[in-house]
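Residue-level listing of the chains:
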Amino acid sequence: DDFVHALDQPSVDGLNTWLVSKATAPHVTVALSGLGGDELFSGYSIDRSILYWQQHRAGLLHALRITKPFWNLAPVPIAIRSRLNSRELYNDFVGSYLEWARVASPQAAAALTGTEPTLQHDAVYDLFKSFDRSDERQLMQRITAMHIHTFMSSRILRDSDAVAMSNSMEVRFPLIDHRLVALTYNFPQAWHIKSLRKSAKLTHYEKMNSYEGHNIKHLLYSAFVRDLPPGFGRRPKRGFRLPIEKWLKEGWESELRALFHSSNTFLSSKALQSEWAEWKNGTGKWVRLWTIAVLEQWNKMCIAA
C-alpha cells in the first residue's frame, strides 16, 4: 500500500527504487541513477529488432505486407500465422514499438475495461504516434526519441523520482543531462550499435547478450571500459530485477486473491477473475498480474476513497 501510494499514478515501475531509497534514506539524501542508459545508448532489444528488419530485411517485409491478406485468410496453422503477423508488424514503426512495450493485447485490455478492442488499440496507437519523430534522418534517432518521450519520461523517470521523494531521497540522473542527450542523439547509428545482425537474432536477449560479445550499449561501455573490473564486458547486460514473481506466488497470494475476487472493483470483476485463473493454472504472466493489481489497488486508494 505504501508503494502504490508513493507512485501517485497507476504505473508498475519504481518498486526497486522505492525499496532501495527506503533502505538508504537514513544514511544519504542524494543518490545517482543510471536511468537513461538503455534509452540513449541502445540497450533494449527492440532497437535492434526494428533496425534489423527495416534495414536488412526490407524486401521480405515488403513481400509480407503484400501477401498478408492471403495468408491471413488461408488455412495456415495459428502458430505460423502469428509469427508472420509479428514479422510483418515491423513495417509499422509505432505498431512494432507498441508490441514490444505492451503488457496486454487490445482484446485483453478491452475485456478488463469494458470497452471495444478497436477503441483501445486506436487510442493507444494515436497517443504513441503523436510522439513519433518520423521526420528524423536516422531510424536510430527515431527509436531513441520514442524511448525518451514515452517509456522513459512518463513512466520510469517519473516513477523513480516520485517513489524516491516519498522516502525523502533525491535521485539525480546524470545520463539524461540535456548536454549529453543533445550530443549523443546526433551520433550515427554505427557508433551506437555494433554487430546488429548478431545481436538482433538473440533468442533470449536478457540472458545471452554481453557488452563485448554483442556490443550492447557500445558507446557507454567503450567510454568507461578502462575503469571497469576485468571480465565485466563478458557479462550479460542486467537490470535490477526483483523476485516479484516469487512474491506474487508466496507472500502476497492471499491479498491478491482477495483483490481479484472483490465484489467492488474498478476493472471488470469477470475479467479479473479470469486473469487470476490464468495465473493460477500457469498460463498467465506475472508482469500482467502485477500491472493489473497495481492499477486496481491504486484506484481503491486514490480514486474510490
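This section reports on the structure supplied with the text. (Residues numbered from 1 in each chain as written. Predicted model: local features only at pLDDT ≥ 70, side-chain atom pairs only at ≥ 80, totals over all residues. Heavy atoms only, no water.)

Quick look at the pattern of salt bridges
Then comes step 1: Going through the model one piece at a time under the given rule, you end up with 14 salt bridges.
Then comes step 2: When the shortest N-O distance is used, the salt bridge between Glu 170 and Arg 172 registers 2.8 Å.
Then comes step 3: By relative accessible area, which is 34% here, Glu 170 ends up partly exposed.
Then comes step 4: Taking relative accessible area as the criterion, Arg 172 reaches 41% and is therefore assigned partly exposed.
Then comes step 5: A salt bridge links Lys 280 to Glu 253; the nearest nitrogen and oxygen atoms lie 2.4 Å apart. In this pair, Lys 280 is assigned in helix α18 (residues 269–280) and Glu 253 in helix α17 (residues 253–260), connecting sequence segments 27 residues apart.
Then comes step 6: By relative accessible area, Glu 253 is classed as buried at 17%.
Then comes step 7: Look at the salt bridges and you will find they share partners, linking Lys 129, Asp 132 and Arg 142 into a network. (Salt bridge = Lys/Arg side-chain N within 4 Å of Asp/Glu carboxyl O. Buried < 20%, exposed > 50% of the residue type's maximum accessible area, 1.4 Å probe, protein only. Helix = DSSP H or I, 4+ residues; strand = E, 2+ residues; numbered from the N terminus.)

Looking at the packing of aromatic side chains
Then comes step 1: Applying the stated criterion across every chain yields a total of 15 aromatic pairs.
Then comes step 2: Among the aromatic residues, those joined into a cluster by ring pairs are Phe 3, Trp 18, Trp 247, Trp 252 and Trp 290.
Then comes step 3: In this structure, Arg 142 is placed above the aromatic ring of Phe 93, and the distance from its NZ or CZ to the ring centre is 4.3 Å. (Phe/Tyr/Trp six-rings, centres within 6.5 Å; stacked < 30°, edge-to-face > 60°. Lys NZ or Arg CZ within 6 Å of the ring centre and 35° of its normal.)

A closer look at the environment of Val 76
Then comes step 1: Examined against the element boundaries, Val 76 turns out to sit in the loop between α5 (58–73) and α6 (78–88).
Then comes step 2: Residues Val 76 and Leu 183, 107 residues apart in the sequence, show an inter-C-alpha distance of 48 Å.
Then comes step 3: Ignoring sequence-local partners within four residues, the contact set of Val 76 consists of Trp 71 and Arg 81. (Contact = heavy atoms within 4.5 Å.)

Remarks on the packing of helix α8 (residues 106–113) against helix α9 (residues 117–129)
Then comes step 1: Packing of α8 against α9 brings their axes to within 8 Å, and their N-to-C directions diverge by 110°. Between α8 and α9, the angle is such that the two are roughly perpendicular. Crossing geometry of α8 relative to α9 is assigned as right-handed. Residues Pro 106, Gln 107, Ala 109, Ala 110 and Thr 113 of α8 form the contact with α9, whose participating residues are Pro 117, Gln 120 and His 121. (Axes fitted to C-alpha atoms, helices over the stretch in contact; angles between N-to-C directions. Parallel < 35°, antiparallel > 145°, perpendicular 65-115°, else oblique. Left-handed = near helix turned anticlockwise from the far one by under 90°.)

What about the nonpolar core?
When a protein is soluble and globular, its nonpolar side chains tend to lie buried together.
Then comes step 1: One finds Ile 50, Leu 51, Phe 93 and Val 94 to be the most contacted residues of the largest nonpolar core, which totals 34 residues.
Then comes step 2: Looking at this core, the elements with two or more residues in it are α4 (45–56), α7 (93–101), α9 and α10 (139–165).
Then comes step 3: In terms of residues, this core owes the most to one element, α10, which gives 10 residues.
Then comes step 4: Formed by 25 residues, the second largest nonpolar core is a distinct cluster that contains Ala 6, Leu 15, Trp 276 and Ala 293. (Core = buried A, V, L, I, M, F, W, Y, C linked by side-chain atoms within 4.5 Å.)

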